[in-house]
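The lines below spell out each chain.
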Amino acid sequence: MGTIFALATPVGQSPICVFRVTGQGCLTSLHEILDSDVDKARVFYKRSLVWQGSFVDTVGLVFFESPSSFTGEDSFEVYAHGSLPIMSKIVSVFEGCGFTEAGPGEFSLRAFKNNKISLVEAESINDLIRSGSSNEAAAISGVFSGRFESQINSLSERIDSLRVLVEGAIDFSDEDEDFESHLSAVLPELSLLLDDLVAFFGGFAFREEVFSRKKVVIVGPPNVGKSSIFNRLLGFERSIVSGVPGTTRDFITSGFLSGGFSFDLIDTAGLRITKDDIESSGISFAKKELKEADGVVIVVDHKTLGELDNLRETVVSCGVENIHVVLNKSDLEKPKSFPGHYVSALTGENFSKLRNALADLASDQPLDKNQSFLVRKRCSFLFESCVEHLKNAIGKLENDEFSEVVDIVAEDLRLCRSSLDEVVGKKLPDDVLGDIFSTFCIGK
Amino acid sequence: MSWVTFSPHFVLVSSYHPVESLFINFSISFYPQKIKIFLRVVYIAYTQVYFAIKFLVALVFRGLPTEKTSLITITINIYIFILLYKQMIFEFDAVVVGGGHAGYEAAHALHRKGLRAAMITLDKSKVGQMSCNPAIGGLGKTHLVREIDACGGIIAEATDLSGIQYRTLNSRKGASVQSLRTQCDRQKFAESIQKILQRTSIEIFEDEVVDLLIENQTVFGVEGIKRSYSAKTVILTTGTFLNGIMFYGDKQVEGGRHTEEASKKLAKRLSSFKLPMGRLKTGTPARIKTSTIDLSTMEEQPGETPTPQMSLREKAKHLPQISCFITRTNTKTHKIIAKNIQKSAMFSGKIKGIGPRYCPSIEDKVAKFPNKDSHQIFIEPEGLTVDLAYPNGISSSLPTKVQDEFIRTIKGLENCEITNYGYAVEYDFVDPRALRKTLELKNINNLFLAGQINGTTGYEEAAAQGMVAGINAAQKILNEEKVFFERSNSYIGVLVDDLTNHGVTEPYRMFTSRAEHRLMLSQDNAEQRLTKILYEKGFVDNKHLESFKSKELAYEIFVQENHKRKVKIGNQTKQLQEALKNPQINKQDLLTQLGSTDQTNFERFANQKKYEGYIKRQQAQIEKDKKNHKKPIPNSLKYEKIIGLSNEATEKLNQAKPETLGDAARLEGITPATISTISLEILKYEKTNYRKAKIKNES
């Protein structure tokens, strides 16, 4: 595996930008690009970054030696000034060293490959990066820190120890050890285990639900400045903004952070009758988007105030309840009575009010503080089957003679345990046997 | 005849034709392979000419015979000639090295397919010998025995011919985990096997195999001390004889079994193939004269009545049945053992091999569980006519003096006479991960390994492997499809799969908990699972198939007639098939209500109903797995190059070289995520190959 690098901070102007570099042997390149050598790992150095005799930037630098790094390989981090020309210069320096730019998730992948993190952890790092709220981040770190795995581990160990008793009673019934007498302990422990499992699973939040973002759609007559509002809400240029009506022909979706929650904003071509085929197909899409929207921002300006009622009707007919009406271009003219916000995409007037109003949309589904783990839906199926088999086993034991159903109970426990395989790894029959041998005196 | 003194084995070979022994001795000591074969051809030509001349001389001097007697004599002569001719060209379809439980099942499978098999053993009288305790079956093991029986094998038949006590273990538990165990008359068992083999075309030779004949990674025969044997396939079933060393306390004796020699030369030869090999150990207890045991002080354990039978096939005629007895060790025994524990070969560090955890020596038990002040001992009779008992539970490698001392502290054994002392035996085994599912070595064609040589323990495990190797050797010789046993259709499948995928860390013994499809695999349904399949492959004869079919028919009729019949449970009336879903139901009462005496079919129906839901689920899973898991992994797939595999997984996959995705999935530490990564990679691999092929075709 070659050396890869990546910008760890967002592209754009900022006081400091951070580059991370990893790859076995990448540290040998350091003396080529620094004015003087660095000798101690995990120490912050201030050095000049030089390339082919010319000065690039004064940087901070830390290096890590394999295997004591995030990826398990030799790595270093460069803290440079956060201007675009410097960033692009540094990128060309790294490329000159023969490093390649990392693909998405490649650092985590290397860490996973070198057994530094588990797959579940690798997945959660990705989520941590994408997470929009502090509650989400905490739940993800619950998984990442291994707390999740350690809890499942202890649950599965309890299942394992029950299996030792049950399998022992089957395979070693002709032995000296009186397994039958241990079986009376199985039922009460099973019930306890069931309670604990259910409580544990109650602490799950499913990332598919948490990450399903609220959809906010912006509609309005052409050329009222919908795209400008969209860009203003996002904080940077995204839609193509022009003075020509109908410029926005496709939907532009972008993440929008407000009040710690994530949204999708959809800018639509205006809702109007058109002969332009491309645009009319855009409009039917817009209606479709409206039907799926959680909230709608209707934008008008002082010239198109008359269309407001029509628009509102269209939107309501699509089943949207949460509607915010916005009068743009408040810097030009403010009508006396208007049933909504006056805003100006140009000056930013009243945008904090609009943002707060939109944030209310999301706050009806906050992440429960008690939900301590954010996991994939796939996991929930596994846990459901785990609980189901446990319940089966308990049902059998409550109703029937143990010896009559011991093979069935054993099967349920096996299935129950194997639903956790994916998370905690397989328990092979030989391991169960091993536990039996180390716990009981077996053998003639 | 001074030339015979060339031979270091003169005594052994002198009973053979002098010309033959000349060639043989030369061939072993001096000549390379090709010359040996040339010499053999010369020898055969010589004998043919010799007979022909003799016949012609008779013809010239006496003319054509006219009397009937002469005609018969000539016919017999020609017949004998053909027989001799066949004997003299030692050319076989298969050579089975070893006459233990793996050996006889392997040879018999070849025989069932009509092939010419030779069995080479050190001692003909020891063929079919039970070298440890005189019992067949037990939990998980009976399943193997019945499966072998269902495939046409002979171990169950021999068990019934020699069984002197039968007991069903787990009789109160569910049908799938019940196991019949049979105590056998040790001598009778071996005799029965030998008798069965005598009825076949299998040729048994007393010889020691010292070398394998191999060219281009393909075996084509074996070299014995007496002669060489060429064969299309070779099956090695050498048990504990490879570099075997027996330990009696501080005394060490080379050998594979008490008073029997070890195979050192063959072990040396095998190790030259760079096979992954290791060392295991196992132990056996002292043997005691039954007449000197005070059985009256012990708990008697009689056999079951009516006496069941091991074979599912024909009705067995049982020998007279006798009891086993149970006694226990005590604190006095443990004190002696603890005091002398350093003298045990196991504890003095002389034995490096790993012993089975489920079969510890008495010194192991005392050391590991110091809180237990008593361990159970089964006194198993060795036979009806011999004055010998096997004290199961006190296997030991303590010095004989200490054994003398501690055994006599046990209740009932105070005045016993010990005929042989317990010992530990350490031996070489081949890591079974070097084998394919057919038990053929991956890197040497046509060479199969079966039994303890693969790191297993137990007669049943050995016999099962012997049969698998024999069957697949036969299929290979005849260029027919391989026979795979699946985890979902047999314990044999579990055994082979576990061995070839996971290898062994201790002598491998079958347990029911190893079979994840346990609920589907009961000792009673072995025929339903296997007989038809093996009939189609040609290993089950018509008679067996017919008897199986008639049983199935009887069951179908029983179900047809009874499943909807109304039965009373308390105040309720229910259909039989519904009533049986409740495991608490009094089955005997139902049977009386039906007015039927067909216990067997009733039980079968009851079990089918009881396990129905679970079996359906398992079958659905099996079908799903089959689709995914039968996918072969291309040999040239490079795990290192697959992005997303952990180093650990890559290492394991490279070591195990799984043949299919299913095999990979069963490896330890391989997660479902890894499997989906690999399956994607296979898909990619197939696509690029397809594209490459297409480009090639087009250009």
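Computed from a predicted structure; not experimentally measured.

To continue, consider the overall build of chain A. Along chain A, the regular secondary structure elements total 17 helices and 14 strands. Split into buried and exposed, the 444 residues of chain A put 39% on the buried side.

Turning our eyes to something else, we now look at the overall build of chain B. Looking only at helices and strands, chain B features 22 helices and 22 strands. When the 699 residues of chain B are sorted by exposure, 45% land in the buried category. Put simply, 72% of the contacts in chain B that link residues at least 6 apart link residues at least 24 apart.

Our focus in this paragraph is the packing of helix α6 (residues 141–150) of chain B against helix α13 (residues 459–477) of chain B. All names here are of chain B. At a minimum axis distance of 9 Å, the contact between α6 and α13 shows a crossing angle of 35°. For the pair α6 and α13, the sense of crossing is left-handed. Of the residues in α13, those in contact with K141, L144, V145 and I148 of α6 are E460, E461, A463, A464 and M467. Considering only residue class, the contact of α6 with α13 consists of six nonpolar, no polar and three charged.

For the rest of this paragraph, the subject is the nonpolar core. One finds A94, V95, V96, A106, A117, V234 and I235 of chain B to be the most contacted residues of the largest nonpolar core, which totals 136 residues. It is α13 of chain B that contributes the most residues to this core, 10 residues altogether. When sequence neighbours within four positions are dropped, the list of residues in contact with I235 of chain B reads A94, V96, V97, A106, F448, A450, A469, G470 and A473 of chain B. Core analysis: the second largest hydrophobic core is formed by 33 residues, F148, A169, V186 and L420 of chain A among them.

It is worth spelling out the sheet that holds strand β19 (residues 423–430) of chain B at this point. All names here are of chain B. One open sheet holds the four strands; their spatial order is β11-β10-β19-β12, and the pairing between them is antiparallel. This sheet does not close on itself; its edge strands, each paired only once, are β11 (251–254) and β12 (277–284). Strand-to-strand twist in this sheet, taken as the mean axis angle between neighbours without regard to direction, amounts to 25°. Across four bridges, the pairing between strand β10 (residues 245–248) and β11 is antiparallel.

What follows deals with helix α10 (residues 331–340) of chain B. Residues and elements named next belong to chain B. All of the buried residues in α10 are T333, H334, I336 and I337. Here the buried residues of α10 occupy an arc of 160° about the axis, which is enough to place them on one side. The outward face of α10, more than 90 degrees from its buried face, is lined by the exposed residues T331 and K339.

In terms of domains, chain B is made up of domain 1 (124–207 + 214–520), domain 2 (563–627) and domain 3 (630–698). Each of domain 1 of chain B and domain 3 of chain B was reduced to a C-alpha centroid, and the two centroids are 38 Å apart.

Turning our eyes to something else, we now look at the environment of N115 of chain A. Examined against the element boundaries, N115 of chain A turns out to sit in the loop between α3 (106–113) and α4 (119–130). Among the residues examined, N115 of chain A registers 13 C-beta atoms within 10 Å and is labelled partly exposed.

Rules used in this analysis
Throughout this description, residue numbers start from 1 for each chain and increase along the sequence as written. All chains are assigned letters beginning at A, and all ligands numbers beginning at 1, according to the order in which they are written. Owing to the predicted nature of the model, reporting of local features is limited to residues with pLDDT of at least 70; listing and counting of side-chain atom pairs is limited to 80 or more, with chain, interface and lining totals taken over all residues. Here a helix means four or more residues in a row that DSSP labels H or I, a strand means two or more in a row labelled E, and each is numbered from the N terminus. Counting other C-beta atoms within 10 Å of a residue's own tells you its class, since 20 or more makes it buried, 12 or fewer makes it exposed, and anything in between is partly exposed; those C-beta atoms are placed from the backbone. In this description, any two residues whose backbone-derived C-beta atoms lie within 7 Å of each other are considered to be in contact. Axis angles are defined between N-to-C directions and span 0 to 180 degrees, where every axis is a line fitted to C-alpha atoms and, for a helix, only to the segment in contact. Here a crossing is called left-handed whenever its near helix is offset anticlockwise from the far helix by less than a right angle, and right-handed whenever the offset is clockwise. Under the scheme applied here, ten amino acids are nonpolar (Ala, Val, Leu, Ile, Met, Phe, Trp, Tyr, Cys and Pro), four are charged (Asp, Glu, Lys and Arg), and all others, including Gly, are polar. Connectivity within a nonpolar core runs through C-beta atoms within 7 Å, and the core itself is a set of buried Ala, Val, Leu, Ile, Met, Phe, Trp, Tyr and Cys residues. DSSP calls a pair of strands paired once it identifies at least 2 bridges connecting them. By definition, the arc is the one covered by directions from the helix axis to the C-beta atoms. The start and end points of each domain follow an automatic or database-based domain assignment.

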